[in-house]
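So you can see what is in the structure, the chains are spelled out below.
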Amino acid sequence: MYTRGVSAGETGRTGGGEPVRTWALAGLDEEALALRGRALGRALEAGDVVLLAGPMGAGKTTLTRAIARGLGVDHPERVQSPTFTLCMVHRGPVALVHVDLFRMGDADDPEIGGGAGFDALGLDEMLGDAGLFGEAAGGDKVLIVEWGSRWRSAPEDHLAITLTPTSPDRRDLVAVASGPRAAALLAAWAGSAASSAY
């Protein structure tokens, strides 16, 4: 397992005045990514929202599978990218709702981007019904969204994680917490990693 560097800090404030916290890890191999993912899974609570970004093959689904293990979902080995199904629900003490918005297109894609395809999916309504979004937020689920930048109306309080490949078997991870719950989640996650052996 290899981790080249770690940094953390407060980088500013959101429009609402909440602190935005960041945590960066450099040079993670697959084992180190899985270790960090399991630690994040143990820190997650019902109602948490995690948005994942990074190019194809960066490790978004690998990270999600490790998060599922840490969260204690039934059969975490079944976690796969829901690119074609768009959404998969993995049962457990706290269910994991895993959404992949790759096929929703970019905002500047006139065919399915700009919200047309996304609105047709009805994600906001589905998540509201599940208690993850809107007035009924806080249900018994955690939400992870791959290609999360394509979600036009993501909740303000979320943890955004970007994975950037640096070589065929290494990637950098940058996590940014927006909102008070996400900041507490990031602090717990970073604290658990600091206390574990590298």
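Quick caveat, the model's predicted, so the values are computed rather than measured. Numbering of residues begins from 1 in every chain and follows the order in which that chain's sequence is written. For a predicted model such as this one, the threshold for reporting local features is a pLDDT of at least 70, and the threshold for listing and counting side-chain atom pairs is 80 or more; totals across whole chains, interfaces and linings nevertheless cover every residue. As a convention, hydrogens and water are excluded, and side-chain values are obtained from all of the structure's heavy atoms.

Draft legend 1. Structural detail: the nonpolar core. To define a nonpolar core, start from buried Ala, Val, Leu, Ile, Met, Phe, Trp, Tyr and Cys residues and group those joined through side-chain atoms within 4.5 Å. Type-normalised accessible area, obtained with a 1.4 Å probe on protein chains alone, sets the label of each residue: buried when under 20%, exposed when over 50%, and partly exposed for intermediate values. Counting residues in each nonpolar core, the largest one holds 34 residues, and the members touching the most others are Leu 40, Leu 44, Leu 159, Ile 161, Leu 173, Ala 175 and Trp 189. A run of H or I in DSSP counts as a helix once it spans at least four residues, and a run of E counts as a strand once it spans at least two, with each numbered from the N terminus. When contributions to this core are tallied by element, the ones reaching two or more residues are β2 (19-28), α1 (30-43), β3 (49-53), α2 (60-71), β6 (141-146), β7 (158-167), β8 (170-178) and α5 (180-195). Here, residues are in contact when the closest pair of their heavy atoms is within 4.5 Å. Residues within four places of Leu 173 in sequence aside, it is in contact with Trp 23, Ala 24, Leu 25, Leu 28, Leu 33, Ile 161, Thr 162, Leu 163 and Trp 189.

Draft legend 2. Looking closely at the pattern of salt bridges. For this document, the term salt bridge refers to a Lys or Arg side-chain nitrogen within 4 Å of an Asp or Glu carboxyl oxygen. Following the criterion strictly, the structure yields four salt bridges and no others. The shortest N-O distance in the salt bridge between Arg 170 and Asp 29 comes to 3.4 Å. Here the residue Arg 170 occupies a position in strand β8, and Asp 29 occupies one in the loop between β2 and α1, the gap between them amounting to 141 residues. The class of Arg 170 is partly exposed, set by a relative accessible area of 22%. Across the salt bridge formed by Arg 181 and Asp 48, the nearest N and O atoms sit 2.8 Å from each other. One end of the pair, Arg 181, is in helix α5; the other, Asp 48, is in the loop between α1 and β3, with 133 residues separating them in the sequence. Here the residues in one salt-bridge network are Glu 45, Asp 48 and Arg 181, joined through shared partners.

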